[in-house]
Amino acid sequence: MKGGPLVLAGAFLMLLSGLAGYYLHDRLTHGSPSPPAPAGPPLTSLAMRATEGTQRPDFTLPDIEAIPRNVAEWDGKVLAVNFWATWCPPCLEEIPEFIDLQTQYGAQGLQFVGVAIDDLDNVKGFIDRFGINYPILIGEQDAIRLAKIFGNDIGALPYTAIIDRTGRIVFTKRGQLSRAEAVAVIEALL
């Protein structure tokens, strides 16, 4: 493959650049590590890593109104948990598809839940601008830890886990999830 190593090196540098940008943004915005999440059941222990075929981890994170939301709220539905950030270009490309899929399959039992690894003000502006029609939870550092619990060891964004109606993780994807991939998994579970 002509240029293969260069393309791979470029992609790796872009990933590192994005992670460094987030780290710098977090430090400049907050000055120190983020405060702990509001009261509620803690995130599952990192010792309990979820993988495809295992039960989804239990977690509670605040929504954009600072109301703690527990994942059990969506038990019995096909759940797509998407980790994203407003500064992540592939995240911004897949979100309009998720909005459409939520509209198309929501009545059949599909529920998207976004987990933002981002600042609340950035997320609120983004939700208003794009008309997101599914819950968005705010996690910052807790969301990074939760993504690792869901199997995202390298911290890639976006990252999506699809969970069946029994709470079993059936699909995970690092990077942008195409509509065709999403539909194939979702339709098999509805």
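Scope of this entry: the structure provided in the associated data block.

About the thresholds
- Residues numbered from 1 in each chain as written.
- Predicted model: local features only at pLDDT ≥ 70, side-chain atom pairs only at ≥ 80, totals over all residues.
- Heavy atoms only, no water.
- Helix = DSSP H or I, 4+ residues; strand = E, 2+ residues; numbered from the N terminus.
- Buried < 20%, exposed > 50% of the residue type's maximum accessible area, 1.4 Å probe, protein only.
- Contact = heavy atoms within 4.5 Å.
- Areas by Shrake-Rupley, 256 points an atom, 1.4 Å probe, with all protein chains shown as cover.
- Pairing = 2+ DSSP bridges.
- Right-handed = clockwise from strand over helix to strand, strands pointing away.
- Arc of directions from axis to C-beta.
- Salt bridge = Lys/Arg side-chain N within 4 Å of Asp/Glu carboxyl O.

**Thoughts on the overall build of the protein chain**
Line of reasoning, step 1. Across its full length, the protein chain holds five helices and seven strands.
Line of reasoning, step 2. The helix and strand sequence of the protein chain, counted from the amino end, reads α-β-β-β-α-β-α-β-α-β-β-α.
Line of reasoning, step 3. When burial is assessed residue by residue, the protein chain has 45% of its 190 residues classed as buried.
Line of reasoning, step 4. Counting only contacts in the protein chain whose residues sit at least 6 apart along the sequence, the fraction spanning at least 24 positions is 67%.
Line of reasoning, step 5. About 9400 Å² of surface is accessible on the protein chain, with carbon and sulfur atoms providing 62% of the total.

**Focus on the pairing of strand β4 (residues 110–116)**
Line of reasoning, step 1. Buried residues dominate β4, accounting for seven of its seven residues.
Line of reasoning, step 2. Across seven bridges, the pairing between strand β3 (residues 78–84) and β4 is parallel. Paired with N82 across the two strands is G114, which belongs to β4.
Line of reasoning, step 3. Across three bridges, β4 lies against strand β5 (residues 136–138) in parallel orientation. For G114, the partnering residue across the bridge sits in β5 and is I136.
Line of reasoning, step 4. Handedness of the β4-helix α3 (residues 120–130)-β5 crossover: right-handed.

**Regarding helix α4 (residues 141–149)**
Line of reasoning, step 1. All of the buried residues along α4 are D142, A143, L146, A147 and I149. Viewed along the axis of α4, the buried residues span an arc of 155°, placing them on a single side of the element.
Line of reasoning, step 2. Those residues of α4 that are buried are in contact with β1 (60–62), β3, β4 and β6 (159–163).
Line of reasoning, step 3. Two residues or fewer after α4 comes G151, characterised by a positive phi angle close to 105°.

**Re the environment of G139**
Line of reasoning, step 1. Within the element layout of this structure, G139 appears in the loop between β5 and α4.
Line of reasoning, step 2. What makes G139 buried here is its relative accessible area of 11%.
Line of reasoning, step 3. As a C-alpha pair, G139 and P62 span 77 residues in sequence and 7.3 Å in three-dimensional space.

**Some thoughts on the pattern of salt bridges**
Pairs may arise between side chains of opposite charge once their charged atoms sit close together.
Line of reasoning, step 1. What the rule picks out here adds up to seven salt bridges.
Line of reasoning, step 2. A salt bridge links E97 to R179; its shortest N-O distance comes to 2.8 Å. Of this pair, E97 sits in helix α2 (residues 89–105) while R179 sits in helix α5 (residues 179–189); the two residues are 82 residues apart in sequence, bridging distant segments of the chain.

**Examining unusual backbone geometry**
Line of reasoning, step 1. The residue after L157, namely P158, is reached through a cis peptide bond having omega -10°.
Line of reasoning, step 2. Of note, P158 is situated in the loop between α4 and β6.
Line of reasoning, step 3. In this model, A66 sits at a positive phi of 70°, which is unusual for a non-glycine residue.
Line of reasoning, step 4. The topology assignment puts A66 in the loop between β1 and β2 (68–70).
Line of reasoning, step 5. Overall, A66 belongs to the exposed group, its relative accessible area being 53%.

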